[in-house]
Amino acid sequence: MRALVTGGAGFIGSGLAHALVAQGNDVVVIDDLSTGALRNLPSGVIYPGPLDILTDAPRIDPYVASADCVFHLAGGVGVEYVLKNSVRTIAINVVGTEVMISLAAMHRKPFLLASTSEVYGNAFGPLSEGLASEETSSLTPYARSKWQAEQIALAYHARGQASVVIVRLFNVVGARQTWRYGMVLPTFVKQALQGSDITIFGRGDNRRSFIDVRDAVSSMVETMQTTAGRGEVINIGSNDSVSIAELAGRIKRAVRSTSRIVHIPYRETYRSSHLNPHERIPEISKLIALTGFRRRYTLEDSITDAVSYVSYELVPTDHRHRGAVVG
Ligand SMILES: NC(=O)c1ccc[n+]([C@@H]2O[C@H](COP(=O)([O-])OP(=O)(O)OC[C@H]3O[C@@H](n4cnc5c(N)ncnc54)[C@H](O)[C@@H]3O)[C@@H](O)[C@H]2O)c1
């Protein structure tokens, strides 16, 4: 098959591109490189140069026409990125999704939207797909924009204009995730590698589930392949959880770091404890029923890959060797 992946130079999108290429598929990547990087792309993908889903629809259209399916992952993501680019984030996540879904609808291509566990806001787990709504949750601007993208996709599907599946991703981690936009795991890895303080906001007793990017992308491919998932919202995540303090400790041990683990009160950060629920763990029976999902990679596997990737990112550009990125 030929798959089109928006956001394919980013963390999860490039993981998806690697998996699809390894399975012998043709892959077209649409990405403006705003947070993604060319070095993330596997060899063999078709990359027509930087294209912005907000402004380049006419140039993206022929690639949608020649694809068999569209995985839509382009988005504004990461606490720091979203804070600095709040208006653009909302535009990409809402308007950009509408642009891509309208192209998929016009060419009758199945469409997968990458949404987020953040649409559950402060709802308490186990989180089943019916729970999230603007009434039950206190949503960040990022979560609200992804929620609106979901509503657009579901409306297209309900009107028979597009064949859509929505996946809500819960804390995907592993190879090619940068620390630059405030993601917790690579940030801790960077701090541990540099021997600087590993900084936990608040007590660190809030629990999160982490899924390796390889497990997340194989679930996305399988979800796309089963027509039973069309019109559905499906959680993709791990139902194991770990506290943020435990995560910091595991990373410190993995790196054999001399860093101190320090706690910073929320009032001294730009983050809000109110928007940081105590626990966020997915209910994944729907995913298991549709795809037979079983995790293949542990959190330790993801930490190993993250250490390798962040070590590479910390090497000054002109000292890097080609091919040093985890594969
Ligand atoms: N990382 C996670 O744990 C996580 C969790 C839930 C949901 N998601 C969703 O998964 C998707 C991918 O996230 P990620 O972590 O890989 O982030 P990422 O920032 O690494 O990837 C996003 C990609 O989209 C590209 N992009 C952004 N705006 C664009 C535009 N206007 N036109 C074309 N390309 C554009 C970026 O250059 C980047 O390559 C996002 O939609 C995100 O909301 C991620």
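Before reading on, note that the structure itself is shown above.
All values derive from a computational prediction rather than experimental measurement.

S.K.: Pulling in residues and values, what's your account of the overall build of the chain?
M.R.: Helix and strand counts for the chain stand at ten helices and 13 strands. The globule rule puts the C-alpha radius of gyration for 327 residues at 20 Å, and the 19 Å found for the chain is close to it. If you line up the chain on its principal axes, its C-alpha atoms span 55 × 50 × 40 Å. Within the chain, the fraction of its 327 residues that count as buried is 53%. Long-range pairs, those at least 24 residues apart, make up 77% of the contacts in the chain between residues at least 6 apart in sequence. Carbon and sulfur atoms provide 52% of the accessible area of the chain, an area that totals close to 13,800 Å².

S.K.: Describe the nonpolar core, with residues and values.
M.R.: Of all hydrophobic cores here, the largest spans 34 residues; its most connected members are Ile 12, Leu 16, Phe 71 and Met 220. Listing elements by their share of this core, those giving two or more residues are strand S1 (2-6), helix H1 (11-22), strand S2 (26-30), strand S3 (69-72), strand S4 (111-116), strand S5 (164-169), helix H7 (213-225) and strand S10 (233-236). With residues up to four places along the chain from it excluded, the contact list for Met 220 reads Ile 12, Leu 16, Phe 71, Leu 73, Leu 112, Val 167, Leu 169 and Ile 236. Counting 28 residues, the second largest nonpolar core, distinct from the first, contains Leu 51, Met 100, Tyr 156 and Val 233.

S.K.: Provide a residue-level description of the environment of Tyr 312, including the pertinent values.
M.R.: Topologically, Tyr 312 is positioned in helix H10 (residues 299-314). Looking at Tyr 312, the relative accessible area reads 12%, which means it is buried. When the C-alpha positions of Tyr 312 and Arg 176 are compared, they lie 9.8 Å apart, and in sequence the two are 136 residues distant.

S.K.: Go over the pairing of S3 with me, naming the residues and quoting the values.
M.R.: With burial as the criterion, each face of S3 is covered, one bearing Cys 69 and Phe 71 and the other bearing Val 70 and His 72. Where S1 and S3 come together, four bridges link them in parallel fashion. Pairing of Ala 3 across the sheet is with Cys 69, part of S3. Pairing analysis gives three bridges linking S3 to S4, with the strands arranged parallel.

S.K.: Give a detailed account of the sheet that holds S10, specifying residues and quantitative values.
M.R.: A sheet is described by the order of its strands in space; here six strands give the open sequence S2-S1-S3-S4-S5-S10, paired in parallel fashion. The sheet is open, and its two edges are formed by S2 and S10, each paired on a single side. Strand-to-strand twist of the sheet, defined as the mean angle between neighbouring strand axes without regard to direction, takes the value 20°. Across the sheet, helix H2 (residues 57-65) touches S1, S2 and S3, and the angle it forms with S2 is around 165°.

S.K.: I'd love a proper account of the site of the ligand, names of residues and values included.
M.R.: If you check the shell around the ligand, you find 29 residues, and the closest are Phe 11, Asp 31, Thr 35, Tyr 142 and Lys 146. A distance of 2.8 Å separates a nitrogen atom of the ligand from a polar atom in the side chain of Asp 52. Burial of the ligand by the protein chains amounts to 96% of its free accessible area of 820 Å². Of all the secondary-structure elements, those providing two or more residues to the shell around the ligand are H1, helix H4 (86-106), S4 and helix H5 (141-158). It is S4 that provides the largest number of residues to the shell around the ligand, a total of three residues.

S.K.: Got a sec to walk through the side chain of Ser 219? Specific residues and values, please.
M.R.: Mapped onto the elements of the fold, Ser 219 is located in helix H7. Discounting residues that sit within four places of it in the chain, Ser 219 has contacts with Ile 236, Leu 287 and Phe 293.

S.K.: Quick one: what's the story with the sheet that holds strand S11 (residues 242-243), residue by residue and with numbers?
M.R.: Here we have three strands laid out as an open sheet, ordered S11-S8-S13, and mixed in their pairing. One side of each edge strand has no neighbouring strand; the edge strands of this open sheet are S11 and strand S13 (279-280).

About the cut-offs
- Residues numbered from 1 in each chain as written.
- Predicted model: local features only at pLDDT ≥ 70, side-chain atom pairs only at ≥ 80, totals over all residues.
- Heavy atoms only, no water.
- Helix = DSSP H or I, 4+ residues; strand = E, 2+ residues; numbered from the N terminus.
- Rg over C-alpha atoms; globule rule 2.2 N^0.38 Å.
- Buried < 20%, exposed > 50% of the residue type's maximum accessible area, 1.4 Å probe, protein only.
- Contact = heavy atoms within 4.5 Å.
- Areas by Shrake-Rupley, 256 points an atom, 1.4 Å probe, with all protein chains shown as cover.
- Core = buried A, V, L, I, M, F, W, Y, C linked by side-chain atoms within 4.5 Å.
- Pairing = 2+ DSSP bridges.
- Axes fitted to C-alpha atoms, helices over the stretch in contact; angles between N-to-C directions.
- Near = heavy atom within 4 Å.
- Polar contact = N/O pair within 3.5 Å; in protein donor to acceptor, adjacent residues only side chain to side chain.

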